[in-house]
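Examining the three-dimensional arrangement
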Amino acid sequence: MYAFNYHRPASLADAAKLLGGASDGKFIAGGQTLLPTLKNRLASPSDLVDLTGIAELGGISASGGAVSIGAITKHAAVATSADVKKAIPALAKLAGGIGDPQVRNMGTCGGSVANNDPAADYPAAVVGLNATVHTNKRKIAADAFFTGLFETALEEGEIITKIEFPQPKRAGYEKFRNPASRYAMVGVFVAETANGIRVAVTGAGPCVFRHTEMEAALGKSFSPDALKGIKTDPAKMNSDIHGSGEYRAHLVGVVAKRAVQNALG
Amino acid sequence: MTISVTITVNGQQETRDVEPRTLLVQFLREHLQLTGTHVGCDTSQCGACVVHIDGKSVKSCTILAAQAQGAKVITIEGLAQDGKLHPMQEAFREHHALQCGFCTPGMIMSAVDLAQRNPNPSEETVRHELEGNLCRCTGYHNIVKAVMAGAQAMRG
């Protein structure tokens, strides 16, 4: 790692001020992606502003048909939360499948969403459940939040405060892990929401995306068989040493069927 | 530039002036000379560096010492009490759950956390929960036996 300055503010206002005053600052929460990046010298921020000392960014609350998860809530806390398990069991399952137990004890919901790694799990839940990302400045709808590879609608210095997941009628998440890294090669979140079916795919392409053909098919019949014959364009998939675009496109169909099966219970 | 970091390690409050980029594992090994915590892969995959922060297992190669400011950290050196091995350590010895021993400190720290959350884990649970710890010698078989026996000994 290159050297940097470290700050741990206790308020959102101080965090924004510290980042604004740094020549090239970055926020850090659990650091489970950022620290490996820094160790590989792929980034060299002048300052790290640690958000985990800001109490208002923590906690899980369920009310009014939605579950709100504070940005610095650890994956392990989401996975074991009675509120999450009751309202959106698929979300608890997703959080409990991220990394390994030690990573889940550090990694945070907000950090995962802000980073938008193409193989991250949380973006699939945010898009699949039509969640709302709350920041220190505004509210951003899921469909407008993830804009590309490691890119989001967040502006410089904008901090995610919480993510509000509406409770679906039913939902399921399934992922196919890379056998070595255990990252999702394909992950599919399927949800039947108040406004129809949503199918969000992570891992397969450069950024999480909605599979509208699958959504239409599941709208007619919510069953794994409804997805038979639906193709995914290999040209839009990632292609790397772990799998070709064709392979991933095929996996999207397989994993989506399993996700629907999960949603059916 | 250095910052002052205070961490309670194995019950003892330790304060050191360190560079902000100091990892928790460096703080433990290089500043406190607690070399029981190992660095294996240095990429948060192998789990040789697992310690407990406030009772929860974490990978100390992927945490800044500064992130553990004010926390209570337990390392492998903190498990034995009054010269007597922790039940999980004893189970690893009894079941020959190691060969070279490099992964063992992290394996045991993960196993203790696992047993605290699952007092009576099934073999499947143990294998699943040890996802973040790699052993290149044993094939895991005796490790799994030891963790189940250690969990049983811990619940008394």
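Residues numbered from 1 in each chain as written. Chains lettered and ligands numbered in written order. Predicted model: local features only at pLDDT ≥ 70, side-chain atom pairs only at ≥ 80, totals over all residues. Heavy atoms only, no water.

This brings us to the overall build of chain B. A tally of regular secondary structure across chain B gives five helices and five strands. Relative to the compact-globule value of 15 Å for 156 residues, chain B shows a C-alpha radius of gyration of 15 Å, a close match. Judged by the C-alpha coordinates and their principal axes, chain B covers about 50 × 30 × 25 Å. Looking at chain B as a whole, 51% of its 156 residues are labelled buried. The contacts in chain B between residues at least 6 apart in sequence include a share of 55% that link residues at least 24 apart. Of the charged side chains in chain B, 13 are positive and 15 negative, and the gap between their average positions amounts to 3 Å. (Helix = DSSP H or I, 4+ residues; strand = E, 2+ residues; numbered from the N terminus. Rg over C-alpha atoms; globule rule 2.2 N^0.38 Å. Buried < 20%, exposed > 50% of the residue type's maximum accessible area, 1.4 Å probe, protein only. Contact = heavy atoms within 4.5 Å. Lys, Arg positive; Asp, Glu negative; His and termini not counted. Charge placed at Lys NZ, Arg CZ, Asp CG, Glu CD.)

This paragraph deals with the domain arrangement of chain B. Residue and element names in this part refer to chain B. Domain assignment breaks chain B into domain 1 (3–78) and domain 2 (87–155). Each of domain 1 and domain 2 has a C-alpha centre, and the two are 21 Å apart. Of the residues lining the interface, 18 residues belong to domain 1; the matching set on domain 2 comes to 15 residues. Interface of domain 1 and domain 2: buried area, both sides summed, is about 1200 Å²; carbon and sulfur atoms make up 59% of it. On the domain 1 side of the interface with domain 2, the three residues burying the most area are His38, His52 and Ile76, jointly 40% of the side's total. Here domain 1 is connected to domain 2 by seven residue pairs in polar contact (both at pLDDT 80 or more). Only strand 3 (50–53) and strand 4 (56–59) provide two or more residues apiece to the side of domain 1 that touches domain 2. Considering only residue class, the side of domain 1 that touches domain 2 consists of seven nonpolar, nine polar and two charged. (Domains from an automatic or database assignment. Buried area = accessible area lost by both parts, 1.4 Å probe. Polar contact = N/O pair within 3.5 Å; in protein donor to acceptor, adjacent residues only side chain to side chain. Nonpolar A, V, L, I, M, F, W, Y, C, P; charged D, E, K, R; others polar.)

All names here are of chain A. Here the domain parsing of chain A yields domain 1 (5–49), domain 2 (59–166) and domain 3 (170–264). Placing the centre of domain 1 and that of domain 2 at their C-alpha centroids yields a distance of 20 Å. Between domain 1 and domain 2, the contact holds ten residues from the first and eleven residues from the second. Of the roughly 770 Å² buried where domain 1 meets domain 2, counting both sides, 75% is carbon and sulfur surface. In this assembly, domain 1 and domain 2 are joined by zero salt bridges. At the junction of domain 1 with domain 2, the criterion picks out zero residue pairs in polar contact (both at pLDDT 80 or more). Put simply, the parts of the chain that give the side of domain 1 that touches domain 2 at least two residues each are helix 1 (12–21) and strand 2 (25–28). (Salt bridge = Lys/Arg side-chain N within 4 Å of Asp/Glu carboxyl O.)

Time to look at the state of the cysteines. This structure, assessed with the given rule, holds zero disulfides over all chains. Considering cysteine sulfurs only, Cys207(A) is the nearest to Cys109(A), which forms no disulfide, with 16 Å between them. Unpaired in terms of disulfides, Cys49(B) finds its nearest cysteine sulfur in Cys61(B), a separation of 3.8 Å. For Cys49(B), a relative accessible area of 3% puts it in the buried group. (Disulfide = S-S within 2.5 Å.)

The side chains of a regular strand alternate between the sheet's two faces. All names here are of chain B. Across the seven residues of strand 1 (residues 3–9), five count as buried, placing the element largely inside the fold. Between the end of strand 1 and the start of strand 2 (residues 12–18), which pair antiparallel, lie two residues, with Asn10 showing a positive phi angle near 50 degrees. Pairing geometry for strand 1 and strand 5 (residues 72–74), over two bridges, is parallel. Of the residues in strand 5, the one forming a bridge with Thr8 is Lys72. (Pairing = 2+ DSSP bridges.)

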